[in-house]
Amino acid sequence: MKGKIKFESALIRLEEIVHKLEEGVDELDKIVDLFEEGSELADFCNIKLEKIENKIEVLTKKMHKTENINEEI
């Protein structure tokens with residue numbers, strides 16, 4: 001992948017690749033290229049989702065900690 005890409009753009013491109021592969025591609029080299037690009041995009045999306053999930057967990061724990069402190073006051 002070249003440059004910075006947004007999650008939403010990566011997901012849209014991944015869906016396009018899946019659609020093309022499902023329709024059928026005649027050239028073996030093109031299939032391999034699409035598969036490689038799709039794999040990179042899928043990895044990117046998974047990593048991005050894991051980071052967001054971790055961030056949400058941290059924020060949720062902070063929120064619960066704050067709620068507990070406020071209950072004690």
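Please refer to the structure higher up on the page.
Here is a short report on the structure shown in this document. What you see is a predicted model; the values in this text were computed from it and never measured.

### Focus on the overall build of the protein chain
Part 1 of the argument: Secondary structure summary: the protein chain contains two helices and zero strands in total.
Part 2 of the argument: Whereas a compact globule of 73 residues would reach a radius of gyration of roughly 11 Å, the protein chain reaches 20 Å, over 25% beyond that.
Part 3 of the argument: For the C-alpha atoms alone, the extent of the protein chain along its principal axes is close to 70 × 25 × 15 Å.
Part 4 of the argument: Looking at the protein chain as a whole, 12% of its 73 residues are labelled buried.
Part 5 of the argument: Partitioning the intrachain contacts of the protein chain with sequence separation of at least 6 by distance along the chain shows that 67% fall at a separation of at least 24.
Part 6 of the argument: Of the roughly 6500 Å² that the protein chain leaves accessible, carbon and sulfur atoms contribute 56%.

### Let's talk about the nonpolar core
Part 1 of the argument: Grouped together as the largest cluster of nonpolar side chains are eight residues: Phe 7, Ala 10, Leu 14, Ile 17, Leu 34, Leu 41, Phe 44 and Cys 45.
Part 2 of the argument: For this core, the secondary-structure elements that each account for two or more residues are α1 (7-23) and α2 (28-72).
Part 3 of the argument: Setting aside its immediate chain neighbours within four residues, Leu 14 contacts Gly 38, Leu 41 and Ala 42.

### Concerning the pattern of salt bridges
Part 1 of the argument: Under the counting rule described, the total for this entry stands at two salt bridges.
Part 2 of the argument: Note that Glu 16 and Arg 13 form a salt bridge whose closest N and O atoms lie 3.2 Å from each other. In this pair, Glu 16 and Arg 13 both sit in helix α1, three residues apart, roughly one turn of the helix.
Part 3 of the argument: Glu 16 sits in the partly exposed class, given a relative accessible area of 38%.
Part 4 of the argument: Taking the shortest distance from any N to any O, the salt bridge between Glu 37 and Arg 13 comes out at 2.9 Å.

### Topic: a nonpolar patch on the surface
Part 1 of the argument: On the surface, a nonpolar cluster with roughly 470 Å² of combined accessible area is contributed by Leu 21, Leu 28, Ile 31, Val 32 and Phe 35.
Part 2 of the argument: For the nonpolar patch, the element with the highest residue contribution is α2, accounting for four residues.
Part 3 of the argument: Residue Val 32 is classed as partly exposed on the basis of its relative accessible area of 46%.

Procedures and definitions
- Residues numbered from 1 in each chain as written.
- Predicted model: local features only at pLDDT ≥ 70, side-chain atom pairs only at ≥ 80, totals over all residues.
- Heavy atoms only, no water.
- Helix = DSSP H or I, 4+ residues; strand = E, 2+ residues; numbered from the N terminus.
- Rg over C-alpha atoms; globule rule 2.2 N^0.38 Å.
- Buried < 20%, exposed > 50% of the residue type's maximum accessible area, 1.4 Å probe, protein only.
- Contact = heavy atoms within 4.5 Å.
- Areas by Shrake-Rupley, 256 points an atom, 1.4 Å probe, with all protein chains shown as cover.
- Core = buried A, V, L, I, M, F, W, Y, C linked by side-chain atoms within 4.5 Å.
- Salt bridge = Lys/Arg side-chain N within 4 Å of Asp/Glu carboxyl O.
- Patch = residues over 30% accessible without salt bridge, like charges linked within 9 Å, V, L, I, M, F, W, Y side chains within 5 Å.

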